Amino acid sequence: MPLVEMDKVSKMYRLGAVEVWAVRDIDLHIEEGSFVAFVGPSGSGKTTLLNLIGCLDKPTTGRIRVGGFDVAAFDRTQAAQFRGKNIGFVFQNFNLVPVLTAAENVEYPLIMVQTRPEPERQKRVADLMEAVGMAGRKDQFPDQLSGGQQQRVAVARALVSRPKLVLADEPTANLDHDTAYSIINLMKKMRADFNTAFIFSTHDPRIIGEAEIVITLEDGRLVSREESGRRVHA
Ligand code: ADP
Ligand code: MG
């Protein structure tokens, strides 16, 4: 079953009398466990598309299914519950909570839903800190970590509820090239270890080559889909 299915999806924002079509007529299928980049210049619709997949916004026309669910039909509460269970997010600015340690930041989404007992939470957090190479810094606060280290913690946090999908909007935009490359490769490793699909956006041509599926957007339209590596889907 495809993880993400979009059929003729368009999104229009109204700015006064002006209609801005941020995303136009997109057909897109993404399989479970995929490693996908959304590429295109600023304003091409990458963030809008990620927000639609992440149930943070609804399409103006067309249909979106994530994990088989018609996510556009959810009300706000249903969308929030669906996100909490099924989708992890990584942000350009890391968005860690400054008063929590690295490990506490990773644990935070589990504390919010309160469905896991304490020992299981601790184990899961410890395993993830190890997996992202941050076990030795688990008690440090975000401002004691470099940007790359903060983003490693953010990747761990995105995975803590074991989502099927992680969405990362320009996760490397604030990182130097070597660090950007290491974060993309960390996400790729996590994809393999946890069988989680990752979709990230970027306009950095140097890291695009790390994606297995590259979806190029221009002016809200999907202009190409290139696939490499093992996973090839029509
Ligand atoms: P990207 O992430 O590729 O830079 P966006 O999805 O942010 O592109 O934006 C696509 C287009 O939609 C741009 O023209 C942008 O100005 C417009 N847009 C995005 N969000 C809004 C909004 N909330 N209101 C009005 N226009 C918006
Ligand atoms: Mg954007």
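For the structure given in this document, a descriptive report is provided here. Just so it is clear, the structure is predicted and the values come from calculations on it, not from any experiment. (Residues numbered from 1 in each chain as written. Chains lettered and ligands numbered in written order. Predicted model: local features only at pLDDT ≥ 70, side-chain atom pairs only at ≥ 80, totals over all residues. Heavy atoms only, no water.)

### Focus: the side chain of E170
To keep things clear, this is the line we draw: Helical segments are the DSSP runs of H or I of at least four residues, strand segments are the runs of E of at least two, and each set is numbered from the N terminus. Only protein chains enter the accessibility calculation, which uses a 1.4 Å probe; a residue whose area is less than 20% of its type maximum is buried, one above 50% is exposed, and one in between is partly exposed. By the counting rule applied here, Lys and Arg register as positive and Asp and Glu as negative, while His and the ends of each chain are not counted. A side-chain nitrogen of Lys or Arg and a carboxyl oxygen of Asp or Glu constitute a salt bridge if their distance falls within 4 Å. Contacts between residues were defined by any pair of non-hydrogen atoms, one from each residue, lying within 4.5 Å.
Structurally, E170 is set in the loop between β7 (165-169) and α6 (177-194). Although E170 lies buried, it forms no salt bridge, and the closest oppositely charged side chain, K46, sits 4.0 Å away as judged by the N-O distance. Look past the residues within four positions of E170 in its chain and what remains in contact with it is K46, Q92, S201, T202 and H203.

### Notes on the sheet that holds strand β3 (residues 35-39)
The strands that make up a sheet pair up through hydrogen bonds in the backbone, lying either parallel or antiparallel. Formally: A pair of strands is labelled paired if DSSP reports no fewer than 2 bridges between them. All axes here are fitted lines through C-alpha atoms, helices being fitted over the stretch that makes contact, and every angle between N-to-C directions spans 0 to 180 degrees.
Within the open sheet, the 6 strands sit side by side as β6-β7-β8-β3-β9-β10. Their pairing is mixed. Lying at the two open borders of the sheet, with one neighbouring strand each, are β6 (87-90) and β10 (221-227). Neighbour-to-neighbour, the strand axes of this sheet turn through a mean angle of 20°, independent of strand direction. Of the pairings in the sheet, the one linking β3 to strand β8 (residues 197-202) comprises 5 bridges and is parallel in character. Of the residues in β8, the one forming a bridge with A37 is F200. Sheet strands touched by helix α2 (residues 76-86): β6 and β7. Its angle to β6, the strand with the most contacts, is close to 80°.

### What to know about the layout of surface pockets
Leftover empty space is mapped by rolling, across the atoms, a probe with the size of a water molecule. Let me state the cut-off plainly: In this analysis the probe radius is 1.4 Å and the grid spacing 1 Å, with only protein atoms considered; a cavity is a set of points the probe fits into but cannot get out of, a pocket is an open set with protein on both sides within 12 Å along at least five of seven lines, and lining residues have an atom within 4 Å of a point. Grid points are joined across faces, edges and corners, and a volume is the space filled by probe spheres set on the points. Note that Gly is not counted as nonpolar here; it falls among the polar residues with everything else outside the nonpolar set of Ala, Val, Leu, Ile, Met, Phe, Trp, Tyr, Cys and Pro and the charged set of Asp, Glu, Lys and Arg.
Approximately 480 Å³ is the volume attributed to the largest pocket. Of all the secondary-structure elements, those providing two or more residues to the lining of the largest pocket are α2, β6, α3 (102-113) and α5 (147-159). Sort the elements by how many residues they give to the lining of the largest pocket and α3 lands first, with 5 residues. Tallied by class, the residues present in the lining of the largest pocket amount to 12 nonpolar, 3 polar and 2 charged. Along the walls of the second largest pocket sit Q81, G84, K85, L110, V113, T115, R116, R124, S161 and R162, which together make up its complete lining. At the level of secondary structure, the elements contributing two or more residues to the lining of the second largest pocket comprise α2 and α3. Tallied by class, residues from the lining of the second largest pocket come to 2 nonpolar, 4 polar and 4 charged.

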